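Remarks on the overall topology
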Amino acid sequence: MAIGKKGTTKGKTPKAKAKRRNKAGDRYVCDICSLGVTVDEECCCADPCDLFCCDMPMKRRKGGK
Ligand SMILES: [Zn+2]
């Protein structure tokens, strides 16, 4: 795959809202089966990781109280 000079990356930034990465203490809940997960340790992945349950991405719960 050769990438020539095809336009410069200027102006348009492909990155929309950057998804935040998981942080220790984050809570995730499965909408389908109500499984709850708390993040103990954050990962070191460059991209945000999604947690899946029931083949669906789990939803992050706000810290709440
Ligand atoms: Zn589930």
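So, on to the overall build of the protein chain. Within the protein chain, the regular secondary structure consists of zero helices and five strands. Overall, the protein chain shows an N-to-C arrangement of helices and strands of β-β-β-β-β. Taking all 65 residues of the protein chain together, 0% fall into the buried category.

On to the environment of V29, then. With respect to the helices and strands, V29 occurs in strand β1 (residues 27-29). Look at V29 and you get partly exposed, because 16 C-beta atoms sit within 10 Å. As a C-alpha pair, V29 and R61 span 32 residues in sequence and 6.7 Å in three-dimensional space. Non-local contacts of V29, meaning those with residues more than four positions away in its chain, are made with S34, G36, M58, K59 and R61.

It is worth spelling out the sheet that holds strand β2 (residues 36-38) at this point. Pairing is antiparallel in the open sheet, where three strands are placed in the order β2-β1-β5. Of all the strands in the sheet, just β2 and β5 (59-61) have a single pairing partner and so form its edges. With direction set aside, neighbouring strand axes in the sheet form an average angle of 30°. Bridge count for β1 against β2 is three bridges, and the pairing is antiparallel. Opposite R27, over in β2, you have T38 as the bridge partner.

Topologically, K23 is positioned in the segment before β1. The exposed category is assigned to K23, around which 12 C-beta atoms lie within 10 Å. Spatially, the C-alpha atom of K23 lies 9.6 Å from that of T38, the residues being 15 residues apart in sequence. Dropping the residues within four chain positions of it, K23 is found in contact with V39 and E42.

On to unusual backbone geometry, then. The residue C54 is not glycine, and still its phi comes out positive at about 55°. Note that C54 resides in the loop between β3 (52-53) and β4 (56-57).

Once that is clear, we can look at the environment of I32. Locating I32 in the fold gives a position in the loop between β1 and β2. Residues I32 and M56, 24 residues apart in the sequence, show an inter-C-alpha distance of 8.2 Å. Ignoring anything within four residues of it in the chain, the contact list for I32 reads C54 and M56.

Rules of the game
Residues numbered from 1 in each chain as written. Predicted model: local features only at pLDDT ≥ 70, side-chain atom pairs only at ≥ 80, totals over all residues. Helix = DSSP H or I, 4+ residues; strand = E, 2+ residues; numbered from the N terminus. Buried ≥ 20, exposed ≤ 12 C-beta atoms within 10 Å, placed from the backbone. Contact = placed C-beta atoms within 7 Å. Pairing = 2+ DSSP bridges. Axes fitted to C-alpha atoms, helices over the stretch in contact; angles between N-to-C directions.

Treat this as a map of the structure, not an account of what it does.
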